[in-house]
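Below, each chain spelled out in residue letters.
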Amino acid sequence: MEIETQVETYLTKIRRGSFLLLFIIFCSNFLLAQEANLSSDYNPFSLGVHLKNMHLWHGSVVHPGAVIATDLEYNSRNKKFTFGFWGGASFSTTDVYNETTGQTVGAYYKEFSIYTKYRLTDRFFVEAVSHNNYTGVEERGDQLHYWSYDKTQGYNFVDVNFGYNITPNTLLYLATIIGGGSGDYEVQSNGDLKNSWTQYFEVNSVVWRNESSNLTLFVGGAWSFFTDKTFYTQGKGNVVNVGTTFGKVFNIVDYNVPVAVTAMWNPETEKTVLQLDIELF
């Protein structure tokens with residue numbers, strides 16, 4: 001137990017230190033860019049807005065209703081380093097149970113996540129994401145602590161990811177959840193919480209394209225080397241994300257609007273959904 005406590009303390013320090021390091025790297029890249037006498041063809045900052053009928057992630061329906069998603073991103077001049085913020089908010093609510101009042105109340109989906117990526121080569125990249133989905137935290141009677149990564153809180157966790165393009169059209173993607181965040185643990189018979197360190201692996205491939213359209217197939221599965229339960233499954237590891245995405249760019253009054261429709265099936269939960277994603281800009 002003492003060793004596990006020390007490990008948890010160490011991991012907490014790593015998380016806090018990682019945010020500080022990311023901030024320093026971000027500032028350093030920005031200052032270097034300023035000194036480099038930026039030319040008009042280099043735009044270090046970008047933003048995006050998507051309108052979706054629901055929000056999917058790794059085979060899970062994060063929110064079943066309409067969502068607006070936004071991102072603010074910085075990219076270095078050589079396009080190797082990326083640092084960004086991603087946020088989502090819903091137009092509809094989901095039911096949340098408040099244990100104090102004993103009532104069920106509606107809560108809007110709310111997320112503010114931080115991510116960074118470094119491209120070691122044209123084919124290989126490493127990525128870290130701090131997922132902060134704080135939907136219903138206050139509605140269920142808890143206090144909101146944005147920077148808290150207590151594994152039992154159920155809304156903050158970090159994953160470290162690796163991606164490799166084996167061909168220009170096919171990506172292999174591996175994500176690992178760090179330190180039991182957001183319920184990524186198994187309760188032992190003595191009440192201890194054993195971290196799962198869930199692995200998620202996905203193969204994503206563009207199988208057809210023309211000038212304005214493309215069709216992508218994907219399959220993803222999850223497992224743990226340490227516990228039966230994973231972040232994505234109640235039992236042992238399983239395939240959790242199978243589907244296809246058709247994307248097409250529509251030209252509306254000389255303005256290109258990318259639209260994507262994803263058909264997703266999760267064999268673990270037997271859930272099948274169709275997501276519409278419109279990129280406004």
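See the structure printed just above.
Here we summarise the structure given alongside this text. (Residues numbered from 1 in each chain as written. Predicted model: local features only at pLDDT ≥ 70, side-chain atom pairs only at ≥ 80, totals over all residues. Heavy atoms only, no water.)

## Some words on the sheet that holds strand β7 (residues 124–132)
Next up, step 1: Ordered in space as β1-β4-β5-β6-β7-β8-β9-β12-β13-β14-β15-β16, the twelve strands form a closed barrel in which the pairing is antiparallel. Pairwise comparison of adjacent strand axes, ignoring direction, gives a mean angle of 20° for this sheet.
Next up, step 2: Relative to strand β16 (residues 271–279), strand β15 (residues 255–266) is paired through eight bridges, and the arrangement is antiparallel. Counterpart to M264 in the pairing with β16 is V273. (Pairing = 2+ DSSP bridges. Helix = DSSP H or I, 4+ residues; strand = E, 2+ residues; numbered from the N terminus. Axes fitted to C-alpha atoms, helices over the stretch in contact; angles between N-to-C directions.)

## Quick look at the packing of aromatic side chains
Next up, step 1: Applying the stated criterion to the full structure yields 15 aromatic pairs.
Next up, step 2: Both rings, one in F125 and one in Y173, keep their centres 6.5 Å apart while their planes meet at 40°; by these two values the pair is tilted. You can see F125 sitting in strand β7 and its partner Y173 sitting in strand β9 (residues 170–177), a full 48 residues away along the chain.
Next up, step 3: Using a relative accessible area of 12% as the deciding quantity, one classes F125 as buried.
Next up, step 4: Measuring from ring centre to ring centre gives 5.2 Å for F231 and Y232, while their planes differ by 80°; the resulting arrangement is edge-to-face.
Next up, step 5: For Y232, a relative accessible area of 10% translates into the label buried.
Next up, step 6: Counting every residue linked through ring pairs, the aromatic cluster contains W57, F157, Y200, F231 and Y232.
Next up, step 7: The positively charged end of K248 is found above the aromatic ring belonging to F250, 5.8 Å away from the centroid. (Phe/Tyr/Trp six-rings, centres within 6.5 Å; stacked < 30°, edge-to-face > 60°. Buried < 20%, exposed > 50% of the residue type's maximum accessible area, 1.4 Å probe, protein only. Lys NZ or Arg CZ within 6 Å of the ring centre and 35° of its normal.)

## Regarding the nonpolar core
Next up, step 1: By size, the foremost hydrophobic cluster in this structure holds seven residues: F125, Y173, A175, Y200, A222, Y232 and V240.
Next up, step 2: Excluding residues within four positions of it along the chain, A175 makes contact with H58, V160, N161, T198, Q199 and Y200. (Core = buried A, V, L, I, M, F, W, Y, C linked by side-chain atoms within 4.5 Å. Contact = heavy atoms within 4.5 Å.)

## Observations concerning the side chain of H55
Next up, step 1: Examined against the element boundaries, H55 turns out to sit in strand β2 (residues 55–57).
Next up, step 2: Given the relative accessible area of 8%, H55 is considered buried.
Next up, step 3: Non-local contacts of H55, meaning those with residues more than four positions away in its chain, are made with S60, V61, V62, H63, G65, V67, W86, Y109, E111 and Q275.

Everything listed is a geometric property; what it means functionally is a separate question.
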